[in-house]
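Listed below, chain by chain, are the residues.
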Amino acid sequence: MTLKQVSSYAAGTWIKPGKGASRIDSAITGQPLAEAGNDTLDVQAMLAYARDIGGPALRALSFHDRARMLKALAQALSDHKQALYELSFDTGATRKDHQFDIDGGIGTMFVFASKGRRELPDGQVYLDGEVEQLSRNGTFLGQHICTPLQGVAIHINAYNFPVWGMLEKLAPTLLAGVPAIVKPATSSCYVTEQAVRVMLDSGILPDGALQLVSGGLGDMLDHLGAQDVVSFTGSATTALHLRQIPAIVRNAVRFVAEQDSLNASILGPDAVPGSPEFDLFITEAHREMTTKAGQKCTAIRRILAPEPLTQAVIEALSARLASTTIGDPRLEATDMGALISTAQKADVLAKADLIGQEADRVFGDPHEHTGAFLSPLLFHCPDPDRAQHVHDTEAFGPVSTIMGYRDLDHVVALANRGGGSLVTSLITNDPEVATHVVQGCAAWNGRIYINNRQSMQDSTGHGAPLPHMVHGGPGRAGGGEELGGVRGVKHYMQRTAIQASPEILSAIGKTWVPGAPEVTGPAHPFTRHFDDLDIGETLHTASREVTLEDIEHFAQFTGDTFYAHMDDAAAKRNPFFPGRVAHGYLLLSFAAGLFVQPDEGPVLANTGLDNLRFMQPVSAGDSIKVRLSVKKKTRRNADYGEVRWHVTLSNQKDETVAEYELLTMNAC
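Residues numbered from 1 in each chain as written. Predicted model: local features only at pLDDT ≥ 70, side-chain atom pairs only at ≥ 80, totals over all residues. Heavy atoms only, no water.

Novice: Before we go on, may I ask you to explain the overall build of the protein in this structure?
Specialist: Scanning the protein for helices and strands turns up 20 helices and 29 strands. For the protein, the spread of C-alpha atoms along the three principal axes comes to 90 × 60 × 45 Å. Considering the protein as a whole, with its 668 residues, one finds that 54% of them fall into the buried category. Intrachain contacts of the protein at a sequence separation of at least 6 include 72% that bridge at least 24 residues. If you sum the accessible surface of the protein, you get close to 27500 Å²; carbon and sulfur atoms cover 50% of it. Side-chain charges in the protein split into 57 positive and 76 negative, and the spacing between the mean points of these groups amounts to 3 Å. (Helix = DSSP H or I, 4+ residues; strand = E, 2+ residues; numbered from the N terminus. Buried < 20%, exposed > 50% of the residue type's maximum accessible area, 1.4 Å probe, protein only. Contact = heavy atoms within 4.5 Å. Areas by Shrake-Rupley, 256 points an atom, 1.4 Å probe, with all protein chains shown as cover. Lys, Arg positive; Asp, Glu negative; His and termini not counted. Charge placed at Lys NZ, Arg CZ, Asp CG, Glu CD.)

Shown next as structure tokens:
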């Protein structure tokens, strides 16, 4: 049989396995399938290719350019996912497992592409937070910004998710503008290699943006510097070894780890047999034990139920496990495939033996299946307070332990015995139970998943990290964070405090700051197209007096007869008002009347306003005027873009009475 040659992509060249190559066996048959690895890779050339070629090319693109790039890559992968499915069967994954890994990874990339367009600027600098006024007169300001690191991200991934594990790291990295070198686990690297080939063959990526190591990294990590990042998924033992590499310690290399996790799932005391919550709990536990044959970092390892309900849980879950069909993952009828290898099966059984010292096996036979196939093993620990192995030993397979709890304080203590988890789930329909558990467990978890009859139809499941939310956890789980939308992108950027004048801050952030020079346009700004408007282009309007008749008419017309607008004596008793005052929304309406250009033109729509504040009351007889400035521009497509206007209302004394940001869509 000819073995598949799994290549690396290094410094622009595909390199076949060579000296030091490892054999990879099929999880289904145990027969040799492929070989990967080459000890002669020039790791310093790879690092230089990323830093000197890939990095500058990515940084030259805007966040929106990179977001469009991610969307195109996700589409290319989606067009080729059937080939990825076929390869993945040999990892032991079933057709349903492909949805978690391949479809989930592609979906994650689509989400980051969307968030990049909606939440990041169409530029190279991300403004992190609001402007800080550092001087009394506003001429010296502060602004936190984020810019791409100028090094390379090394992604070291686990075997269980050869596609999702790569893409959930790669998407925020590329969106940040940082090149990546991906190192998948050797046992499933042939699937990752195919996904990388699809992306590289698409021609979408700049040279140097993505490289692949199939096999060992050699001494690559010894050559990392302060601008580089290591993002690792795997065991706590390996993470500890990598963290201690001298170059990583000496150069304070960013190290993001997602590692072992003794995740718990809690059955609320209200979720009795016969309730929707009890059935949901059994469904979640069964799914987490059998999906990917339990080889998930988020799988449920500890099942916590009220002591009177433990036997009911054992019986219901055992019945579900008994109906699970284990076998060839290529068959439609198969519910659970194989572990990645017979070596992994041996490791799982060794860990299960440790758990068995403190717990009784109530379902499953470790000797029922041959090869890398393994029956789900369910244990019951009668004394979880004295037990230790059930709280610190992760059998990375279809193994879970049920234990009883006395009350909510007890279950919080048991859940936290895991020493830090990626996720704890709680199935309850009682808000007070949910509040108690969250307050007690949140500090020990990266995510708390709460589900009940209201959300069960739309929820994604205990074991499904979402790109919108943080994935990681404290303590044993590694102390790192991935995903989380823009939070994940910022892992690959440097936050820098900029202190400067308004003009300088406006230039750096491509966002007008009050106090920066104003630009006088050649015509009313509402008559000018998106591309013609300049940042800082400003319109100053004439004044308009606000009369008592205006206030009373607005009150009657809208129905807003709040006493501060209608009763002078009552208004004077209010510490905020000198007497009857104008409605805030009357002022906004008058402001629009002052700055709007009524003719048909490039302003297509008013899409909202942000950050509205009323700073000073306006009384009858006062007058208001408006300053309208182009704060920021964001192109949405070839036809139109969003203009964010800074709007200031001031009175006859030039005192600011209100300010807000107006959003319009302008034709290009």
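Novice: Explanation requested: the packing of aromatic side chains in the structure shown.
Specialist: The geometry of an aromatic ring pair is captured by the separation of the ring centres together with the interplanar angle, meaning the angle of the planes. Going through the model one piece at a time under the given rule, you end up with eight aromatic pairs. Look at Phe 161 and Trp 164: their rings are 5.7 Å apart centre to centre, the planes differ by 70 degrees, and that puts the pair in the edge-to-face class. Between Tyr 585 and Phe 614, the ring centres sit 6.3 Å apart and the planes meet at 90 degrees, which makes this aromatic pair edge-to-face. Placement of the pair is Tyr 585 in helix H20 (residues 584-595) and Phe 614 in strand E26 (residues 603-614), with a sequence separation of 29 residues. On the basis of relative accessibility, which here comes to 41%, the residue Phe 614 falls in the partly exposed class. Aromatic ring contacts, followed pair by pair, group Phe 526, Phe 595 and Trp 645 into a single cluster. (Phe/Tyr/Trp six-rings, centres within 6.5 Å; stacked < 30°, edge-to-face > 60°.)

Novice: Can you help me understand the pattern of salt bridges in this one?
Specialist: Two side chains with opposite charge may pair up if their charged atoms get near one another. Considering all chains together, one arrives at 32 salt bridges under this definition. The partner of Lys 631 in a salt bridge is Glu 661, with the nearest N and O atoms 2.4 Å apart. One end of the pair, Lys 631, is in strand E27 (residues 623-635); the other, Glu 661, is in strand E29 (residues 656-667), and 30 residues separate them in sequence. Across this residue pair, the class does not change: Lys 631 and Glu 661 are buried. Ionic contacts of the salt-bridge type, sharing partners, join the residues Asp 610, Lys 631, Arg 644 and Glu 661 into one network. (Salt bridge = Lys/Arg side-chain N within 4 Å of Asp/Glu carboxyl O.)

Novice: In this structure, what is going on with the environment of Val 596? I would like to understand it.
Specialist: Considering the arrangement of structural elements, one finds Val 596 in the loop between H20 and E26. The class for Val 596 is partly exposed, based on a relative accessible area of 40%. Sequence spacing of Val 596 and Gly 337 is 259 residues, and the spatial spacing of their C-alpha atoms is 65 Å. The contacts of Val 596, once residues within four sequence positions are left out, are His 524 and Phe 526.

Novice: How should helix H9 (residues 276-290) be read in this particular structure?
Specialist: Owing to its 3.6 residues per turn, the α-helix brings residues three or four apart onto one side. Between its first and last C-alpha atoms H9 spans 21 Å; for 15 residues at 1.5 Å apiece the expected length is 21 Å, and the two agree. Burial runs high along H9: eleven of the 15 residues are buried. Turning to H9, its buried residues number three or more, namely Glu 277, Phe 278, Leu 280, Phe 281, Ile 282, Glu 284, Ala 285, His 286, Glu 288, Met 289 and Thr 290. Positive phi shows up at Lys 292, right after H9, with a value of about 55 degrees. (Expected span 1.5 Å × (residues − 1).)

Novice: Could you clarify how one ought to interpret the nonpolar core in this entry?
Specialist: One broad trend across soluble globular proteins is that nonpolar side chains are buried collectively. Ranked by size, the top nonpolar core spans 59 residues in total, and within it Leu 70, Met 109, Leu 167, Leu 174 and Met 199 carry the most contacts. Membership of the second largest hydrophobic core comes to 38 residues, among which are Leu 304, Ile 355, Leu 377 and Val 399. (Core = buried A, V, L, I, M, F, W, Y, C linked by side-chain atoms within 4.5 Å.)

Novice: Explain the sheet that holds strand E20 (residues 445-451) to me, please; I cannot follow it from the model alone.
Specialist: Sheet strands associate in pairs through backbone hydrogen bonding, adopting either a parallel or an antiparallel arrangement. With mixed pairing, seven strands are arranged side by side in an open sheet as E16-E17-E18-E15-E14-E19-E20. Sheet topology places strand E16 (360-363) and E20 at the edges, where each strand pairs with a single neighbour. Strand-to-strand twist of the sheet, defined as the mean angle between neighbouring strand axes without regard to direction, takes the value 25 degrees. Where strand E15 (residues 302-306) and strand E18 (residues 399-405) come together, five bridges link them in parallel fashion. Each residue of the ladder has a partner; that of Pro 306, found in E18, is Tyr 405. The strands touched by helix H10 (residues 310-322) are strand E14 (264-267), E15, E16, strand E17 (377-381) and E18; relative to E17, the strand with the most contacts, the crossing angle is about 175 degrees. Docked against the sheet, helix H11 (residues 342-356) engages E17 and E18, running at close to 20 degrees with respect to E17. (Pairing = 2+ DSSP bridges. Axes fitted to C-alpha atoms, helices over the stretch in contact; angles between N-to-C directions.)

Novice: Please clarify how unusual backbone geometry should be interpreted in this entry.
Specialist: When glycine is set aside, most residues are seen to have a negative phi, and most peptide bonds are trans. Its identity as a non-glycine residue notwithstanding, Ala 293 has a phi of 55 degrees, on the positive side. With respect to the helices and strands, the residue Ala 293 is situated in the loop between H9 and E15. Here Lys 510, not a glycine, exhibits a phi torsion of approximately 50 degrees, which is positive. Structurally, Lys 510 is set in the loop between helix H16 (502-509) and strand E24 (538-540).

Novice: What exactly am I supposed to notice about the layout of surface pockets here?
Specialist: Left-over empty space is what a probe sized like a water molecule reveals as it rolls over the atoms. In this structure, the largest pocket occupies an estimated 1200 Å³ of space. Glu 130, Trp 512, Lys 631, His 646 and Glu 661 are the residues nearest the centre of the largest pocket, which is lined by 47 residues in total. Broken down by secondary-structure element, the contributors of at least two residues to the lining of the largest pocket are helix H4 (95-119), strand E6 (126-127), strand E8 (141-148), H16, E26, E27, strand E28 (640-651) and E29. Looking at which element gives the most residues to the lining of the largest pocket, the answer is E27, with six residues. (1 Å grid on protein atoms, 1.4 Å probe; cavity = no way out; pocket = protein on both sides within 12 Å on 5 of 7 lines; lining within 4 Å. Points joined across faces, edges and corners; volume = space filled by probe spheres on them.)

Novice: Would you mind going over helix H2 (residues 63-79) with me for this structure?
Specialist: Taking 1.5 Å as the rise per residue, H2 with 17 residues should run 24 Å; its terminal C-alpha atoms sit 24 Å apart, in good agreement. The set of residues buried in H2 consists of Phe 63, His 64, Arg 66, Ala 67, Met 69, Leu 70, Leu 73, Ala 74, Ala 76 and Leu 77.

Novice: Where do I start with empty space enclosed by the protein in this structure?
Specialist: Within this structure, the stated rule accounts for three cavities of 30 Å³ or more. Forming the walls of the largest cavity are Thr 91, Gly 92, Ala 93, Asp 97, Tyr 159, Asn 160, Pro 162, Lys 292, Gln 295, Ala 338 and Ile 340. Of the residues belonging to the lining of the largest cavity, the class tally is five nonpolar, four polar and two charged. (Nonpolar A, V, L, I, M, F, W, Y, C, P; charged D, E, K, R; others polar.)

Novice: Before we go on, may I ask you to explain the pairing of E14 in this structure?
Specialist: Two faces belong to every sheet, and in a regular strand the side chains alternate between them. Of the two faces of E14, the one holding Ala 264 and Ile 266 and the one holding Ser 265 and Leu 267 are both buried throughout. Relative to E15, E14 runs parallel, the two sharing three bridges. Opposite Ile 266, over in E15, you have Leu 304 as the bridge partner. Here E14 runs beside strand E19 (residues 421-427); their pairing, made up of four bridges, is parallel.

Novice: Teacher, can you tell me more about the sheet that holds strand E5 (residues 32-36) here?
Specialist: Strand order in this open sheet of three strands is E1-E5-E4, and the pairing throughout is mixed. Two strands lie at the open edges of the sheet, namely strand E1 (4-6) and strand E4 (22-25), each paired on one side alone. On average, each strand axis in the sheet is tilted by 30 degrees relative to the strand beside it, whichever way the strands run. Pairing analysis gives four bridges linking E4 to E5, with the strands arranged antiparallel. In the sheet register, Arg 23 faces E5, and the bridge partner there is Glu 35. Contacting E1, E4 and E5, helix H6 (residues 189-201) crosses the sheet at an angle of about 70 degrees to E1.

Novice: What is the right way to look at the packing of H2 against helix H5 (residues 164-176) in this model?
Specialist: In contact at an axis separation of 8 Å, H2 and H5 are set at 150 degrees when each is read in the N-to-C sense. By the angle between their directions, the pair H2 and H5 is classed as roughly antiparallel. Side by side, H2 and H5 meet where Phe 63, Arg 66, Ala 67, Met 69, Leu 70, Leu 73 and Leu 77 of the first sit next to Leu 167, Ala 171, Leu 174, Leu 175 and Ala 176 of the second. A per-class count over the contact of H2 with H5 returns eleven nonpolar, no polar and one charged. (Parallel < 35°, antiparallel > 145°, perpendicular 65-115°, else oblique.)

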